[in-house]
Amino acid sequence: MEEMKQEVEVEHLYSGADLLIKCLENQGVELIFGYPGGSVLPLYDSLYDEPIPNILTRHEQGAVHAAEGYAKATGKPGVVIVTSGPGATNVVTGIADAMIDSVPLVVITGQVTTPGIGKDAFQEADMLGITVPITKNNYQVRDIEELPRIVNEAFHIATTGRKGPVLIDLPKDITTLKANPKIDEVIHLESYQPTVTPSILQIERLMNLLMKAEKPIVLVGGGVVAADGAEELRQFVEKYQLPTVSTLLGLGLLPQDHPYFLGMGGMHGTYAANMALMETDLLINIGSRFDDRLACSPEAFAPHAKVAHIDVDPVEIGKIIHTDIPIVGDAKVALKQMLSIEIPAPDCEEWRMVCKARQQRYPLKYEWNEKVIKPQAVIEIIGRITEGKSYIVTDVGQHQMWVAQFYPFQFSKQLITSGGLGTMGYGIPAGIGTKFGKPNDSVVVFVGDGGFQMTNQELAILNQNNLDIKFVLLNNQSLGMVRQWQEKFFNERRSQSVFHEQPDFMKMAEAYGIGSKKITDPTTLEKDLQEAFATAGPMLIEVMICNKEHVLPMIPAGMPNDQMLGVD
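Not measured: the values here are computed from a predicted model. (Residues numbered from 1 in each chain as written. Predicted model: local features only at pLDDT ≥ 70, side-chain atom pairs only at ≥ 80, totals over all residues. Heavy atoms only, no water.)

Participant: Can you lay out the packing of helix α4 (residues 60–74) against helix α6 (residues 92–101) for me, pointing to particular residues and giving the numbers?
Facilitator: As a packed pair, α4 and α6 sit with axes 8 Å apart at the nearest point and diverge in direction by 25°. With respect to their mutual orientation, α4 and α6 come out roughly parallel. Contact with α4, carried on its side by Q61, V64, H65, E68 and K72, involves T93, G94, I95, D97, A98 and D101 of α6 and no other residues of that element. Split into classes, the residues belonging to the contact of α4 with α6 amount to three nonpolar, four polar and four charged. (Axes fitted to C-alpha atoms, helices over the stretch in contact; angles between N-to-C directions. Helix = DSSP H or I, 4+ residues; strand = E, 2+ residues; numbered from the N terminus. Parallel < 35°, antiparallel > 145°, perpendicular 65-115°, else oblique. Contact = heavy atoms within 4.5 Å. Nonpolar A, V, L, I, M, F, W, Y, C, P; charged D, E, K, R; others polar.)

Now the structure itself:
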């Protein structure tokens, strides 16, 4: 009988690799972005027989950006598995990007065997030390019995409070040991208890101020997106008819044509939005960090305003802008509380008229040219073709700002972009991750010729996975934003910002087996774009744009928000 009992127990033992996959299944993981290597071979052997697909990217940085795109589009945590050493260090940029943009990721890095840790073993890197500043938490598994707890904690931390990346460093020998610990454990971390429900007393203070305000403004950011608070935001704004400004990561929370939406604020924001931020007497910030691209000169920002700041992360409140009413909590919950309190609407019809008049007098604009293609026209036309309904992914640079200005965003989570870190090379893999997360929706990726050459190898994934994505390559033969700053502030000394030689991007598309179209004629631009978008399957659409165009308006670094260049 004792021998039979031992046999039964052995039959229920899991290897560390199998145990990890079971834990991921238990967390509802739909897919993994990853790249195998020596230290994670047991993991990939376990994946061979499991239902969770691994998306084999062509570089580890591509894997983590794809996971970010998937997470931003779906709200679910992105999962990455890479090998040790260079495989692990190659995901550092994406982890840092996810940290600053509050993107939920669980990144699993292989590690050398536990006896080799700290001895400069082959492909060893201290991922705990490297990622301390760029993760919400990180773990190194030293005991197979602890693996389920660590995985469950990692997902809990990544997806609650202010969302973000968590790293699990997994030594190779842990993946081959066997055990049978409990997988589904209740997580309770005494030292990690994020506040979800704001203080109702603080909400009441805010509503009392709103009742008396003459020039109120609502500022919305990525925190409202992360909290799925778009509907509550719309109800609140419409209930009190409040002019509203968005950050880059808040675009889509209100439709572009909403009567109270003034556009994006900050360095490349609209005149109406920036002037409203400077003249408001009550600034209600919901889910924005007051970063330096929004509050370009913090000491001069909103000088006449009482400031209420709602954020799930208490560290952000008062960090940059003095806050009169700090409110810690989830944006959606806070908005529901605000809607539940009945107050007389503030008397601010004159303020609304001033804001609307500025919108009409100083709209975003550009000059049409029959000799060169203007990038703003490309984005406007694609907005019409897609009826403003596509998921829009961008790389980083001038094209990112033109998209923010000219695409007609309609819904939350619609814009997938690198905000705080500004990571070139983000666009292509993030677009792929977005399509995996939203397979039945249209996905358009805007990328510059600089960023395209950083991660274009990920195009190899498209045909293998039947991903119908349209990649719009806006080619100005330069690092456009770098060149713009050199032309504005460095006496037009274009140091290393112009590409004098470029590859044939159409041949690159052919090499990857995807469709391609090159557009050079502004007089046939709309017809050419319509034909490209009507073509089934993945396609690279290269548009040769004016190489002298600047993103305007523009606030010079360190200047107040009302000191905008390019407004006349």
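Participant: Describe the pattern of salt bridges, and please don't skip the residues or the numbers.
Facilitator: Under the defined criterion, the tally for this structure stands at 26 salt bridges. The salt bridge partner of E487 is R483, with a shortest N-O separation of 3.1 Å. In this pair, E487 and R483 both sit in helix α21 (residues 480–489), four residues apart, roughly one turn of the helix. By relative accessible area, which is 2% here, R483 ends up buried. Salt bridges here are not isolated pairs; linked through shared partners, they connect R162, D313, E316 and K319. (Salt bridge = Lys/Arg side-chain N within 4 Å of Asp/Glu carboxyl O. Buried < 20%, exposed > 50% of the residue type's maximum accessible area, 1.4 Å probe, protein only.)

Participant: Outline α6, listing residues and values.
Facilitator: For α6, the complete set of buried residues consists of G94, I95, A96, D97, A98 and D101. Contacts from the buried residues of α6 go to α4, β5 (105–111), α7 (127–131) and β7 (165–171). Directly beyond the C-terminal end of α6, a positive phi value near 60° is found at S102.

Participant: So, the sheet that holds strand β19 (residues 515–519): which residues are in play, and what are the values?
Facilitator: The six strands lie next to each other as β16-β15-β17-β18-β20-β19, forming an open sheet whose pairing is parallel. In this open sheet, the two edge strands, each paired with only one partner strand, are β16 (415–416) and β19. Its contacts with the sheet put helix α16 (residues 375–385) on β17 (443–448), β18 (469–475) and β20 (539–544), and the angle it makes with β18 is roughly 165°. (Pairing = 2+ DSSP bridges.)

Participant: Give me the nonpolar core: which residues, what numbers.
Facilitator: L233, F236, I286, M338, V472 and V543 are the most contacted members of the largest nonpolar core, which has 67 residues in total. Dropping the residues within four chain positions of it, L233 is found in contact with V218, V220, V224, L253, L254, I286 and L335. Judged by nonpolar contacts, the second largest core, of 49 residues, contains I55, V82, I469 and M506. (Core = buried A, V, L, I, M, F, W, Y, C linked by side-chain atoms within 4.5 Å.)

Participant: Would you mind going over the pairing of strand β4 (residues 78–82) in detail, with residue names and values included?
Facilitator: Across the five residues that make up β4, a large majority, five, are buried. Across the two faces of β4 the burial is the same, with G78, V80 and V82 and V79 and I81 all buried. Alignment of strand β2 (residues 32–35) against β4, held across three bridges, turns out to be parallel. What sits directly across from F33, in β4, is V80. Strand direction decides the pairing type here: β4 and β5, joined by five bridges, are parallel.

Participant: Please provide a residue-by-residue account of the environment of K438, values included.
Facilitator: With respect to the helices and strands, the residue K438 is situated in the loop between α18 (427–437) and β17. Judged by relative accessible area, K438 falls into the partly exposed class, the value being 23%. Along the backbone, K438 and G451 are 13 residues apart, and their C-alpha atoms lie at a distance of 23 Å. Apart from the residues lying within four places of it in its own chain, the contact partners of K438 are A73, T74 and Y391.

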